[in-house]
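Examination of the molecular architecture
Chain by chain, the residues run as shown.
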Amino acid sequence: MILQALAFYLFAAILLVSAVVVISARNPVHSVLCLILAFFNAAALFVLVGAEFLAMILVIVYVGAVAVLFLFVVMMLDIDHAEMRQGFLNYLPIGALVGLVLLVELVIVAGLWQYEPAMAAGLAQPVPPLDVRSNTAAIGDVLYTRYALLFQAAGIILLIAMIGAIVLTLRHRQIKRQRIGDQVRRRPEDVIRLHDARSGEGV
Amino acid sequence: MMAAFPAHDLLSILPALWLAIAGMALLMTGVFISRNVSHIVFWGAVASLVIAGFLAIVSPVGGQPFDGLLAVDAFGRFMTVLVVTGAVLALIMARGFMRRESMERFELPVLMVLATLGMYLMVQANDLMTLYVGLEMQSLALYVCAAFQQDKLRSTEAGLKYFVLGAVASGMLLYGCSLVYGFSGSTSFHGIVATLAADSDSTGILVGAVFIAAGLAFKISAVPFHMWTPDVYEGAPTPVTAFFSAAPKMAAMALLVRVLVDPFAALVDQWQQIIFLLAVGSMALGALGAIGQRNIKRLMAYSSIGHAGFALVGLAAGSEAGVHGVLVYLAIYLVMGLGTWGCILAMRRDGTMVEGIDDLAGLSRSQPALALALAVFMFSMAGIPPLAGFFGKFYVFLAAIDAGLYTLTVIGVLMSVVGAFYYIRIVKLMYFDDPADAFDRPVGRDLVPVIAVTAVVTVGFFLFSDPLLDSARNAAATLVAGVSPTGQ
């Protein structure tokens, strides 16, 4: 138990520190790298509470795809972050106020949260207890059977998105392609001309 | 705990399987065949849609495959046939336009087939998740279709506007879905019915239902969620606009009817007021907003807002007769709307499309047949008997009177009279004004059959209306009976 508590505090501390670095680092690339560190630690926290599926999704989706995309964007766009952060102190009070309101709301929600007792009866697919079946297996139980139709339909939506992205961006402009035959067929007498250029007048 | 893959359910969603496979096969054909590709994919798409409609008609109804994710019933079948008809006719009309406007690319038919698949899921949805997935599948394909002429500023603008506002609508819909799920513990329509049976004044579910209705009202462009319609209708390529006003409108309306009449049946007193306001607003804006329009595509956009309002009158009645009225109205609107779009597609001069209403002046002298067809559609939209449009309005108003909604009916009839002004003004322009320059001839092999068939149906509706009325009545009866107080 003590080991778990130690692990929790370790991961939580690293998470908080890296989150602070994300918004305070001068170099945007450092920000993104710290964001990835924060994601990893959040994933570790999920593992500690037994939500291993969420942990894996966090690593695969957020670290594997989203953060890498961020990294590309940050590296490709030439943003001067020092300039962007100039009004930081001016906005600090109002930012802190918004943060405080959010914190109070979260505390209220966490304190007053309760399940409607009648709701448990209406659940379509109650989640089995963790010691019976892990989350991943429980999701797999229904995802590819009961909800197979929706799973496939979501796949088709992604296909439509892909077609759409290609249709709207790919254009068959006059692209110069390499034609090896033409290159080989080229002869000096076709392409080289001799000009008598007088000095000072050009060709 | 372990459920097997419900293989036996695949048979009951045969049209969806067919559309998905056909769509992907057409895509592959388009990618790998280089000669004559748009021709092959185009006719392939028409054929697959026709076959899908046929499969929907012959496949048995009454099941709830995939543990109730879908409800394959007579209502779904009726709406599937409408949606597929709209898609086929719009696609046929698109052919000539695509060739002339050099947007002859095979992706458009593929996207329309996949959008139709989404609409199939929408009209048969029996679960909030199916509802959303179907809606998103449809919308995503339509956003791309709207922006299909990427070289034209208007088309890109239409696509972007449609996308952003559609995303807002999806957000509202999802928020509503999450509230309903949170308060009922179930996303399935049966589960919601069961929760409402136990506790019929759950505020959470009511708020969720309002958000869902607002999200769907966006899709049918009912006031006050109509802002995108004129811009998108004007900017999108004309055949795509014709498709918008036909198929997706049917599907979204069917979804709204099913959601309100099935899971939220117990809240009828509450949602009736919402639909009442949506109907009044849409009818009024459709009638008054169209008067100042000079562009015929914008005019048709306002007209479609107005027609959505008239259809909602039937839904506001909340009865079986009301649902029947909505179905008949949608079927008739589909036919006369597509016919009008066919006439608009025939409006071109020297190879380019013209869209001004004044360009129609004196059409009766240069092209009497086209003018006659357009006059028929305009009179029908205005609701002049004995044309089809009159019967559409007749059934929804009848249902509203039966339900005691006299105010709504009176407003509806008044707005119908106001709307008649701008429809008949077009007829006056065509028949009594000095001719403008003539349009290009011939009208086109793709347009003539569509215009002719829709015009004949519009005129002859009262002679051969029984099959449509019967199947609509049957569809309405299964939808309303399926949710009688027992909840199943």
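Structure shown above.
Okay, so let's go over this structure. The residue numbers shown here count from 1 along each chain, following its written sequence. Lettering of chains starts at A and numbering of ligands starts at 1, both following the order in which they are written. For this predicted model, a pLDDT threshold of at least 70 governs which residues receive local features, and a threshold of 80 or more governs which side-chain atom pairs are given and counted, while totals over whole chains, interfaces and linings are taken from all residues. Just so you know, side-chain values use all the structure's heavy atoms and leave hydrogens and water out.

A word on the overall build of chain A
Per the convention used, a helix needs a DSSP run of H or I reaching at least four residues, while a strand needs a run of E reaching at least two, with both numbered from the N terminus. Assigned secondary structure in chain A consists of 10 helices and 0 strands. Think of it in three bands: residues with accessible area under 20% of the maximum for their type are buried, residues over 50% are exposed, and the middle band is partly exposed, with areas taken using a 1.4 Å probe on protein chains only. Within chain A, the fraction of its 203 residues that count as buried is 22%. Partitioning the contacts of chain A with sequence separation of at least 6, the portion at a separation of at least 24 is 58%. What sets the accessible areas is the Shrake-Rupley method with a 1.4 Å probe; for residues, cover comes only from the shown protein chains. In the structure as shown, chain A presents an accessible area of about 15900 Å², 69% of it carried by carbon and sulfur atoms. Residue contacts are counted whenever heavy atoms from the two residues lie within 4.5 Å of one another.

Some thoughts on the interface of chain A and chain B
Each side of the interface is counted separately: chain A has 27 residues, and chain B has 37 residues. Put simply, buried area is how much 1.4 Å-probe accessible surface two parts lose in total, over both of them, once they are put together. Around 2800 Å² of area is buried between chain A and chain B when both sides are counted, 77% of it from carbon and sulfur atoms. Of all residues in chain A, A:L149, A:I160 and A:V167 give up the largest surface area on contact with chain B, accounting jointly for 22% of the area buried on that side. By definition, a salt bridge exists where a carboxyl oxygen of Asp or Glu is found within 4 Å of a side-chain nitrogen of Lys or Arg. At the junction of chain A and chain B, the tally comes to 1 salt bridge. Between A:R146 and B:D67 there is a salt bridge; the shortest N-O distance is 3.7 Å. Polar contact is defined as a pair of N or O atoms within 3.5 Å, subject to the rule that within protein one atom must be able to donate a hydrogen and the other to accept it, and that residues adjacent in sequence are counted only when both atoms are side-chain atoms. Counting the contacts that link chain A with chain B gives 2 residue pairs in polar contact (both at pLDDT 80 or more). Only helix 6 (119-122) and helix 8 (148-169) of chain A provide two or more residues apiece to the side of chain A that touches chain B.

Brief notes about the packing of helix 5 (residues 107-124) of chain B against helix 6 (residues 128-146) of chain B
Residues and elements named next belong to chain B. Note on geometry: axes are lines fitted to C-alpha atoms, helical ones only across the stretch in contact, with angles between N-to-C directions running from 0 to 180 degrees. Two numbers describe how helix 5 lies on helix 6: the axes approach to 7 Å, and their chain directions differ by 160°. Taken together, the axes of helix 5 and helix 6 lie roughly antiparallel to each other. Both helix 5 and helix 6 take part in a crossing whose hand is left-handed. Across the interface between the two elements, L108, L111, M112, L114, A115, L117, G118, M119, L121 and M122 of helix 5 pack against T130, L131, G134, L135, M137, Q138, A141, L142, V144 and C145 of helix 6. Here the word oblique covers every angle except those under 35 degrees (roughly parallel), over 145 (roughly antiparallel) and from 65 to 115 (roughly perpendicular). By convention the crossing between two helices is left-handed if the near helix lies anticlockwise of the far one by an angle smaller than a right angle, and right-handed if it lies clockwise.

Side note on the pattern of salt bridges
Residue and element names in this part refer to chain B. Scanning the model with the defined rule gives 17 salt bridges over all chains in all. With a closest N to O distance of 3.6 Å, K428 and D433 form a salt bridge. When salt bridges that share partners are traced, they join R154, E157, K161, D231, E234 and R298 into one network.

A word on the side chain of B:S170
All names here are of chain B. Looking at the secondary structure, you find S170 in helix 7 (residues 153-184). Note on S170: relative accessible area 4%, which makes it buried. Discounting chain neighbours no more than four positions away, the residues touching S170 are Y132, E136 and K219.

Quick notes on the environment of B:L153
All names here are of chain B. Looking at the secondary structure, you find L153 in helix 7. A relative accessible area of 69% places L153 in the exposed class. Along the primary structure L153 and G235 are separated by 82 residues, whereas in three dimensions their C-alpha atoms are 8.3 Å apart.

Examining the packing of helix 13 (residues 296-317) of chain B against helix 17 (residues 388-402) of chain B
Residues and elements named next belong to chain B. Where helix 13 contacts helix 17, the axes come no closer than 7 Å and their chain directions differ by 35°. For the pair helix 13 and helix 17, the sense of crossing is left-handed. In contact with H307, F310, A311, V313, G314 and A317 of helix 13, helix 17 contributes K393, V396, F397, A399 and A400. Gly falls in the polar group here, along with every residue not listed as nonpolar (Ala, Val, Leu, Ile, Met, Phe, Trp, Tyr, Cys, Pro) or charged (Asp, Glu, Lys, Arg). A breakdown of the residues in the contact of helix 13 with helix 17 according to their chemical character gives 8 nonpolar, 2 polar and 1 charged.

Section: helix 14 (residues 320-345) of chain B
To estimate how far a helix should reach, multiply one less than its number of residues by 1.5 Å. For helix 14 of chain B, built from 26 residues, the straight-helix expectation of 38 Å at 1.5 Å per residue is met to within 8% by its first-to-last C-alpha distance of 37 Å. The element helix 14 of chain B is extensively covered by neighbouring structure, given that 23 of its 26 residues are classed as buried.

Here we look at the packing of aromatic side chains
All names here are of chain B. Note on aromatic contacts: the rings of Phe and Tyr and the six-membered ring of Trp form a pair at centre separations within 6.5 Å, being stacked when their planes are under 30 degrees apart, edge-to-face when over 60 apart, and tilted otherwise. Tallying each qualifying case throughout the model produces 18 aromatic pairs over all chains. Ring geometry for Y175 and F211: centres 4.9 Å apart, planes at 85°, overall edge-to-face. Highlighted residues: Y175 in helix 7 and F211 in helix 9 (residues 203-219), separated in sequence by 36 residues. By relative accessible area, F211 is classed as partly exposed at 27%. Across from the ring centre of F310, 4.6 Å away, lies the NZ or CZ of K393, which sits over that ring. When the NZ atom of lysine or the CZ atom of arginine is within 6 Å of a ring's centre and also within 35 degrees of its normal, the charge is said to sit over that ring.

Describing the environment of B:S380
If you trace the backbone, B:S380 turns up in helix 16 (residues 368-382). When the C-alpha atoms of B:S380 and B:I332 are compared, they prove to be 9.3 Å apart, with 48 residues separating the residues in sequence.

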